[in-house]
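Residue-level structural notes
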Amino acid sequence: MYTHVRDILLMAKESNTSAIGFVCMDYIMARAVVYAAEATNTPAIVMLYPEHVTIQKATGRAGYAEGLKELANEVKVPVGLHQDHDYTLESIRKAMDAGFESVMMDGSLNDLDKNIQETRVVVEAAHARNVLVEGEIGHVGLAADIDNDNDDLYTKPDAAERFCRESGVDSLAVSIGNAHGEYKQTPHLDIERLENIKAAADVPLVLHGGSGIPDDQLLVAFSKGIRKFNLGTDYFRRYYAAVRAFIEENNNNPDPVKIINMPEYVQARLQPYVEERMKTLCKF
Ligand SMILES: [Zn+2]
């Protein structure tokens, strides 16, 4: 059932676990998440990355939001819709106009004062429309650049407290040793820092860069205040493998219409992966 992300974060808090937000480029990826959520009775969040609209042109915003809500209402389990990393009020307004009730404002490349100022403007516009805003402080960089010994970009608890109080964000993405993309060395989440951030900032915390963090570390992080966990890279890797398998299996079939079977084929191969992630990591 289509459900506001705010309510899914509350459910996660009550169960002291985290919901998984899957980056879904298109309807096939979203459908695998919704059906996996239903099969495992696990609340989930489908996330649109704005560049899949503006650069890859894989979807439109309004059509995506409408399609996801229709899919979510096919099932009983709560399914939320969120727009991931966005950077300007103008772009976030487009998401809200398209029906997104949860967005991320990523001002993490700015200094703290500018991040607070720009995020607060988004929060004021969003709250007037009952839209949830996820902010980010510290900076979650690229996994290719990560260095477990360098914590310059990690979220600082006192800055997190001030950021939340002054910007009014509803949830907060933290940098505690996590990063986007493929890790070149095994990441080590700074759990003590996470505990200190949770004590300082009274909002649900979000962990980006979920592909490649060992499950045992994730489960500890979820028990210490992470309420939303973003998975992108690993899910895209599965998508690529499923498309490749379809092509290999149909290589000797000259009928061009065979392509109509591809979405169902790919979804059937994505869904077990999503179910496994939910069963292993989510404790609702
Ligand atoms: Zn991210």
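Conventions adopted
Residues numbered from 1 in each chain as written. Predicted model: local features only at pLDDT ≥ 70, side-chain atom pairs only at ≥ 80, totals over all residues. Heavy atoms only, no water. Helix = DSSP H or I, 4+ residues; strand = E, 2+ residues; numbered from the N terminus. Rg over C-alpha atoms; globule rule 2.2 N^0.38 Å. Contact = heavy atoms within 4.5 Å. Areas by Shrake-Rupley, 256 points an atom, 1.4 Å probe, with all protein chains shown as cover. Donors = N, O, S within 2.8 Å, 3.2 Å for Na, K, Ca; no water. Buried < 20%, exposed > 50% of the residue type's maximum accessible area, 1.4 Å probe, protein only. 1 Å grid on protein atoms, 1.4 Å probe; cavity = no way out; pocket = protein on both sides within 12 Å on 5 of 7 lines; lining within 4 Å. Points joined across faces, edges and corners; volume = space filled by probe spheres on them. Nonpolar A, V, L, I, M, F, W, Y, C, P; charged D, E, K, R; others polar. Pairing = 2+ DSSP bridges. Right-handed = clockwise from strand over helix to strand, strands pointing away. Axes fitted to C-alpha atoms, helices over the stretch in contact; angles between N-to-C directions. Lys, Arg positive; Asp, Glu negative; His and termini not counted. Salt bridge = Lys/Arg side-chain N within 4 Å of Asp/Glu carboxyl O. Arc of directions from axis to C-beta. Phe/Tyr/Trp six-rings, centres within 6.5 Å; stacked < 30°, edge-to-face > 60°.

A few points about the overall build of the chain
Each helix and strand counted, the chain has eleven helices and eight strands in total. By the compact-globule yardstick of 19 Å for 284 residues, the chain fits well, its C-alpha radius of gyration being 18 Å. When the backbone C-alpha atoms are referred to their principal axes, the chain occupies close to 60 × 40 × 35 Å. Intrachain contacts of the chain at a sequence separation of at least 6 include 74% that bridge at least 24 residues. A total of about 12600 Å² of accessible surface is found on the chain, and carbon and sulfur atoms cover 50% of it.

Comments concerning the coordination of the zinc ion
Reference values for coordination geometry: four tetrahedral donors around a metal ideally subtend 109.5 degrees, six octahedral donors ideally subtend 90 or 180 degrees. Every protein donor of the zinc ion is accounted for by His85 (NE2), His180 (NE2) and His208 (ND1), and the metal-donor separations fall at 2.0 to 2.1 Å. Donor residues for the zinc ion, ordered by position in the chain, follow H-x94-H-x27-H. In this pair, histidine 85 sits in strand E3 (residues 79-86) while histidine 180 sits in the loop between strand E6 (171-174) and helix H8 (191-200), placing the two residues 95 residues apart along the sequence. Note on histidine 85: relative accessible area 5%, which makes it buried.

Brief notes about the layout of surface pockets
It is the rolling of a water-molecule-sized probe over the atoms that shows where space remains empty. What the largest pocket holds in volume is close to 430 Å³. Lining the largest pocket are 26 residues; nearest its centre among them are Tyr49, Asp84, His85, His180 and Gly181. A breakdown of the residues in the lining of the largest pocket according to their chemical character gives nine nonpolar, 14 polar and three charged. Estimated volume of the second largest pocket: approximately 270 Å³. Lining the second largest pocket are 14 residues, with Lys13, Asp202, Val203, Pro204 and Arg227 positioned closest to its centre. With four residues, the single largest contributor to the lining of the second largest pocket is helix H1 (residues 5-14). Taken together, the residues of the lining of the second largest pocket break down into seven nonpolar, one polar and six charged.

Section: the pairing of E3
In terms of burial, E3 is a largely internal element, eight of the eight residues being buried. With five bridges joining them, strand E2 (residues 44-48) and E3 adopt parallel strand pairing. Within E3, the position partnered with valine 46 by the bridge is leucine 81. Pairing analysis gives two bridges linking E3 to strand E4 (residues 102-105), with the strands arranged parallel. Note on E4: the bridge partner recorded for glutamine 83 is valine 103. Handedness of the crossover is the feature at issue here: the chain leaves E3, passes through helix H5 (residues 89-97), returns alongside E4, and the resulting connection is right-handed.

Focus on the sheet that holds strand E8 (residues 226-231)
Each strand in a sheet pairs with another by means of backbone hydrogen bonds, the pair being arranged parallel or else antiparallel. An order of E1-E2-E3-E4-E5-E6-E7-E8 is seen for the eight strands of this closed barrel, with the pairing classed as parallel. Going across the sheet, the axis of each strand differs from the next one's by a mean of 30°, ignoring polarity. Pairing analysis gives three bridges linking E4 to strand E5 (residues 132-137), with the strands arranged parallel. Bridging from a neighbouring strand, valine 103 pairs with valine 133 of E5.

Describing the side chain of arginine 31
On the secondary structure map, arginine 31 appears in helix H2 (residues 27-40). No salt bridge is formed by the buried arginine 31, whose closest oppositely charged neighbour, glutamate 264, lies at an N-O distance of 4.7 Å.

Some details on helix H9 (residues 215-223)
Regarding H9, the residues found buried are Gln217, Leu218, Ala221 and Phe222. Looking straight down H9, one finds that the buried residues subtend no more than 135° of arc, so they occupy a single side. Its buried side turned inward, H9 meets H8, strand E7 (205-207), E8 and helix H11 (262-281). Positive phi appears at glycine 225, one or two residues downstream of H9, with a value of about 120°.

Remarks on the packing of aromatic side chains
Evaluated as defined, the whole model comprises five aromatic pairs. When the ring of tyrosine 235 is compared with that of tyrosine 273, the centres are 6.0 Å apart and the planes differ by 20°; the resulting orientation is stacked. Of this pair, tyrosine 235 sits in helix H10 (residues 233-249) while tyrosine 273 sits in helix H11; the two residues are 38 residues apart in sequence, bridging distant segments of the chain. We note that tyrosine 235, like tyrosine 273, is buried. Relative to tyrosine 265, the ring of phenylalanine 246 has its centre 5.2 Å away and its plane inclined at 70°; by these criteria the two rings are edge-to-face. In this pair, phenylalanine 246 sits in helix H10 while tyrosine 265 sits in helix H11, placing the two residues 19 residues apart along the sequence.

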